[in-house]
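Structure at a glance
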Amino acid sequence: VLQFAVQQVDACGIAVMPCCYTGTDKGAPYGIKRALGVSWAADIRRSFYLMENGYHSDFATIPSEITPMNRIVLGEKRI
């Protein structure tokens, strides 16, 4: 979804709430995975992907009562 939004749509704003992290931490440094966990490592990697493609990146959350996987990765096109 993130790649589609960046490459095909060229979206001015992106918000994704990843729910599955299996295999998404590839390329993240071992120390980050060990210290912060796979989900943070994957989302940090996603934020770098956004940055490398011309977006500012940030994180937000929804209440954990809704879902424990509550982090939102945000991207805003730099102009």
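Look above for the structure.
In this report, we go over the structure that sits alongside the text. Within any chain, residue numbers begin from 1 and follow the written order of that chain's sequence. At least 70 in pLDDT is required for a residue's local features to be given in this predicted model, at least 80 for side-chain atom pairs to be given and counted, and no such filter applies to totals for whole chains, interfaces and linings, which use all residues. For side-chain calculations, the full set of non-hydrogen atoms in the structure is used, while hydrogens and water are omitted.

Concerning the pattern of salt bridges
Opposite charge on two side chains permits them to pair, given that their charged atoms come into close proximity. Every case where a carboxyl oxygen of Asp or Glu lies within 4 Å of a side-chain nitrogen of Lys or Arg is listed as a salt bridge. Inspection of the entire model under this criterion finds two salt bridges. For the salt bridge of R46 with D43, the shortest nitrogen-to-oxygen distance reads 2.6 Å. Within this pair, R46 and its partner D43 are both found in helix α3 (residues 38-52), separated by three residues, close to a single helical turn. A relative accessible area of 0% places D43 in the buried class. Ionic pairing is found between R71 and D43, a salt bridge with its closest N-O pair at 2.7 Å. Residue R71 is found in strand β3 (residues 71-77), and its partner D43 is found in helix α3; the two are separated by 28 residues along the sequence. The pair formed by R71 and D43 is uniform in burial state, with each residue classed as buried. Each helix is a run of DSSP H or I of at least 4 residues and each strand a run of E of at least 2, with the numbering of both proceeding from the N terminus. Working definition: with a 1.4 Å probe on protein chains only, accessible area under 20% of the residue-type maximum means buried, over 50% means exposed, and in between means partly exposed.

Some points on the sheet that holds β3
DSSP-based pairing: two strands are paired if at least 2 bridges between them are found. As summarised here, the arrangement of the three strands in space is β1-β3-β2, forming an open sheet in which the pairing is antiparallel. Of all the strands in the sheet, just β1 (13-16) and β2 (55-61) have a single pairing partner and so form its edges. The mean inter-strand angle of the sheet, taken between neighbouring strand axes irrespective of direction, is 20°. Here β2 pairs with β3 via seven bridges, running antiparallel. When the bridges of β3 are listed, S57 appears paired with G75. In this description, contact between two residues means that some pair of their heavy atoms is separated by no more than 4.5 Å. Fitting a line to C-alpha atoms yields each axis, with helices limited to the stretch in contact; the angle taken between N-to-C directions then spans 0 to 180 degrees. Lying over the sheet, helix α1 (residues 2-9) contacts β1 and β2, oriented at roughly 165° with respect to β1. Taken strand by strand, α3 contacts β1, β2 and β3, and its axis lies near 150° from that of β2.

Topic: the nonpolar core
Membership of the largest hydrophobic core is limited to 10 residues, which are L2, A5, V6, A11, I14, V16, Y49, L50, Y55 and V73. Put simply, the parts of the chain that give this core at least two residues each are α1, β1 and α3. Per-element tally for this core: the top contributor is α1, with three residues. With sequence-adjacent residues up to four places away left out, I14 is seen in contact with L2, A5, V6, L50, Y55, V73, L74 and G75. Grouping buried Ala, Val, Leu, Ile, Met, Phe, Trp, Tyr and Cys residues that are joined through side-chain atoms within 4.5 Å yields what is termed a nonpolar core.

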